[in-house]
Amino acid sequence: MEKTVRPENMERITTKALAEAFIENQVKEIREQVGDKKVLLALSGGVDSSVVAALLIKAIGKQLICVHVNHGLMRKGESEQVIEVFGRELGANLIYVDATDRFLDLLDGVSEPEKKRKIIGGEFIKVFDEEASKLEGISFLAQGTIYPDILESDGVKAHHNVGGLPEDMQFELVEPVKLLFKDEVRVVGEALGLPHNMVYRQPFPGPGLGVRCLGAITRDRLHALREADAILREEFDKNGLAEKVWQYFIAVPDFKSVGVKDGKRYEGWAAIIRAVNTTDAMSATIEEIPYPMIHHITNRITHEVDGINRVMVDVTPKPVGTIEFE
Ligand code: XMP
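Residues numbered from 1 in each chain as written. Predicted model: local features only at pLDDT ≥ 70, side-chain atom pairs only at ≥ 80, totals over all residues. Heavy atoms only, no water.

A. Quick peek at the domain arrangement of the protein chain. One can read the domain layout of the protein chain as domain 1 (16-199) and domain 2 (212-314). Taking only C-alpha atoms into account, the centre of domain 1 sits 29 Å from that of domain 2. Contacts between the two partners involve 14 residues from domain 1 and, on the opposite side, 13 residues from domain 2. Roughly 1200 Å² is buried in total at the junction of domain 1 and domain 2, and carbon and sulfur atoms are behind 49% of that figure. Connecting domain 1 to domain 2 are three salt bridges. Note that Arg-219 and Asp-105 form a salt bridge whose closest N and O atoms lie 3.1 Å from each other. Along the contact surface separating domain 1 from domain 2 lie nine residue pairs in polar contact (both at pLDDT 80 or more). (Domains from an automatic or database assignment. Contact = heavy atoms within 4.5 Å. Buried area = accessible area lost by both parts, 1.4 Å probe. Salt bridge = Lys/Arg side-chain N within 4 Å of Asp/Glu carboxyl O. Polar contact = N/O pair within 3.5 Å; in protein donor to acceptor, adjacent residues only side chain to side chain.)

So this is what it looks like as structure tokens:
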């Protein structure tokens, strides 16, 4: 297949006015392409699929059917935000599938990282496929492919994202942001009225918290990780670091250590803070989080999150470490 190429003279979308012109033009093109037919979209709540959803809702309203699969490995509040923004505020035709038990049951006892990824990716496709087959009259599949996806791979957002879709789906593609770079997608998202924190959020791997709940995932440790991660994100936000730092998160390994609470010894997990900066994720440097902030986060996590009695900070750059732990 011939590769899509961004025209050399295409202006960078850096302002609201340019974004509005892009939106107007895309709305027209989408309406021309789709006519009165129906379009299906896997809406993860990430920047790209969210912007595509908002664009399509503007262009074709209820002819767009969004499917949000909650694999149980989302961060705290993420699925709720998808339902709130797209279901309630934008009035989208949204199918919400809580597949938490399916995913966690399949992952039970599985500790090998690539096996975990395979299970999560494979099950995602299965769930999406099942939902798609319940629907009638779908002619198009919308995707949040962006220009770097085309430059880096074969043009569809399948690389190592969960969100790679069944190859045998016989749909024509609608990819309205495929010529845009990430920063442009964000400007377009803001012009479409999407929440700032949704449009400017840090990258989040497709397998989600699944690769941060290290080793074999257990529900109680996953819950502790999600709560600790929410505290970290809240503190980064409060301290103005949320949009400055490329990626910041908590990982919780599958070992316990001894702590003391109310004069008694007890065993708990460790939460590891990782905060890195990079431009392309191929190499990364460490964000030097101020110590008073680390103390405060440690205090909050160890007091507010059941099961965690220790907080550590990972200061390993990439290389030699990778950004994620598995
Ligand atoms: P590493 O850990 O390889 O990560 O240094 C580089 C970037 O890729 C993200 N990452 C993933 N993204 N599916 C994804 O969609 C994955 O399986 C996956 N593994 C890593 C990671 O978060 C970082 O931004």
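B. Representation of the packing of aromatic side chains within the structure. Taken as a whole and judged by the stated rule, the model has two aromatic pairs. Ring centres 5.5 Å apart and planes at 90° place the aromatic pair Tyr-147 and Phe-181 in the edge-to-face group. Taken together, the residues Tyr-147 in helix α6 (residues 147-152) and Phe-181 in the loop between β5 (172-174) and α7 (182-191) connect sequence positions 34 residues apart. Judged by relative accessible area, which is 8%, Tyr-147 ranks as buried. In this structure Phe-181 comes out as partly exposed when scored by relative accessible area, which is 22%. Taking the centre distance of 4.4 Å and the plane angle of 10° together, the rings of Phe-236 and Tyr-248 count as stacked. Separated by 12 residues along the polypeptide, Phe-236 in helix α9 (residues 219-238) and Tyr-248 in strand β6 (residues 247-251) bring together distant segments of the chain. One exposure class covers both Phe-236 and Tyr-248, and it is buried. Here the basic side chain of Arg-75 rests over the ring of Phe-204, its NZ or CZ set 4.0 Å away from the ring centre. (Phe/Tyr/Trp six-rings, centres within 6.5 Å; stacked < 30°, edge-to-face > 60°. Helix = DSSP H or I, 4+ residues; strand = E, 2+ residues; numbered from the N terminus. Buried < 20%, exposed > 50% of the residue type's maximum accessible area, 1.4 Å probe, protein only. Lys NZ or Arg CZ within 6 Å of the ring centre and 35° of its normal.)

C. Summary view of the packing of helix α4 (residues 100-107) against helix α5 (residues 113-134). Closest axis-to-axis distance for the α4/α5 pair is 10 Å, and the angle between their directions is 150°. Our classification of the angle between α4 and α5 gives roughly antiparallel. The two elements α4 and α5 cross, and the hand of that crossing is right-handed. Every residue of α5 that contacts α4 at Arg-102, Phe-103, Leu-106 and Leu-107 is listed here: Lys-116, Ile-119, Ile-120, Glu-123, Phe-124, Lys-126, Val-127 and Glu-130. Its residues assigned to classes, the contact of α4 with α5 comprises seven nonpolar, no polar and five charged. (Axes fitted to C-alpha atoms, helices over the stretch in contact; angles between N-to-C directions. Parallel < 35°, antiparallel > 145°, perpendicular 65-115°, else oblique. Left-handed = near helix turned anticlockwise from the far one by under 90°. Nonpolar A, V, L, I, M, F, W, Y, C, P; charged D, E, K, R; others polar.)

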